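# Coordinate analysis (summary)
Given next are the chains, with one letter for each unit.
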Amino acid sequence: VEEAIGLARDPATRFGLSLRLGRLQECATLLDTEAALRSDAGKARALGEAALRVGDVKLAARCLRSDPEASLLMAALLGDTSRLAEVAGEARRTGALNVAFQAAFIGGDLEGAFGALIAGSRFAEAALFARTYLPAEHISRAVGLWRHQ
């Protein structure tokens, strides 16, 4: 397999062989420099999963950035509140409201978590969330929406 990497001209083949040998940095370089590989989300995911297996959390986070659930996991694992806020915003824009709620809540953005519940028409949950974590005006809003549902 070592010799095959030297002979391979196709970036996808070189990527696959490097991944099999555990040469994750070579794979990352190929992903960064080869447009054809960058557009293949499966390659980034495979590299991210391999990076997790060997404990390279930063490489995994970089590779799994386009996957909302994986981004949430990585940001929470790293304690990166700014990335959690980004994940919440991206998830909300794409309609992944469960991820948006979790990212906002874990990141300490209680207003954002409440907003994700409201955006998902989860008014009962929003009312209970507001009762537990937010000022009274949020409860009134959630209950009002719940009644009109």
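Please refer to the structure higher up on the page.
Thresholds applied
Residues numbered from 1 in each chain as written. Predicted model: local features only at pLDDT ≥ 70, side-chain atom pairs only at ≥ 80, totals over all residues. Heavy atoms only, no water. Phe/Tyr/Trp six-rings, centres within 6.5 Å; stacked < 30°, edge-to-face > 60°. Helix = DSSP H or I, 4+ residues; strand = E, 2+ residues; numbered from the N terminus. Buried < 20%, exposed > 50% of the residue type's maximum accessible area, 1.4 Å probe, protein only. Axes fitted to C-alpha atoms, helices over the stretch in contact; angles between N-to-C directions. Parallel < 35°, antiparallel > 145°, perpendicular 65-115°, else oblique. Left-handed = near helix turned anticlockwise from the far one by under 90°. Contact = heavy atoms within 4.5 Å. Nonpolar A, V, L, I, M, F, W, Y, C, P; charged D, E, K, R; others polar. Salt bridge = Lys/Arg side-chain N within 4 Å of Asp/Glu carboxyl O.

To continue, consider the packing of aromatic side chains. Going through the model one piece at a time under the given rule, you end up with 5 aromatic pairs. Here the aromatic rings of phenylalanine 101 and phenylalanine 129 are separated by 5.6 Å at their centres, their planes lie at 75 degrees, and the arrangement is edge-to-face. On the criterion of sequence distance, the pair formed by phenylalanine 101 in helix H9 (residues 97-106) and phenylalanine 129 in helix H11 (residues 123-133) is long-range, its members being 28 residues apart. The exposure class of phenylalanine 101 is partly exposed, given its relative accessible area of 21%. Classification of phenylalanine 129 by relative accessible area gives buried; the value is 7%. Between the aromatic rings of phenylalanine 129 and tyrosine 133, the centroid separation amounts to 4.9 Å while the plane-to-plane angle is 40 degrees, which identifies the pairing as tilted. One end of the pair is phenylalanine 129 and the other is tyrosine 133, both in helix H11 and 4 residues apart, which spans about a single turn. A network of ring pairs unites the aromatic residues Phe101, Phe105, Phe129 and Tyr133 as a single cluster.

Before going further, it helps to examine the packing of helix H10 (residues 110-119) against H11. Each pair of packed helices can be described by the angle between their axes along with the distance between the axes. At a minimum axis distance of 8 Å, the contact between H10 and H11 shows a crossing angle of 160 degrees. One element, H10, and the other, H11, form an angle in the roughly antiparallel class. Like other packed secondary-structure pairs, H10 and H11 cross with a definite hand, here left-handed. Residues Leu110, Ala113, Phe114, Leu117 and Ile118 of H10 form the contact with H11, whose own contacting residues are Phe123, Glu125, Ala126, Phe129, Ala130 and Tyr133. Across the contact of H10 with H11, the residue classes break down as 10 nonpolar, no polar and 1 charged.

According to the stated counting rule, one finds 9 salt bridges in the structure shown. A salt bridge links glutamate 49 to arginine 45; the shortest N-O distance between them is 3.2 Å. With glutamate 49 and arginine 45 both in helix H5 (residues 41-54) and 4 residues apart, this pair spans about one turn of that helix. Its relative accessible area of 35% is what places glutamate 49 among the partly exposed residues. For arginine 45, a relative accessible area of 37% corresponds to the partly exposed category. Among the salt bridges present, the one from arginine 83 reaches glutamate 90, with a minimum N-O distance of 3.4 Å. Owing to a relative accessible area of 34%, glutamate 90 belongs among the partly exposed residues under this scheme. Several salt bridges converge on common partners, so that one network encompasses Arg65, Arg83, Glu86 and Glu90.

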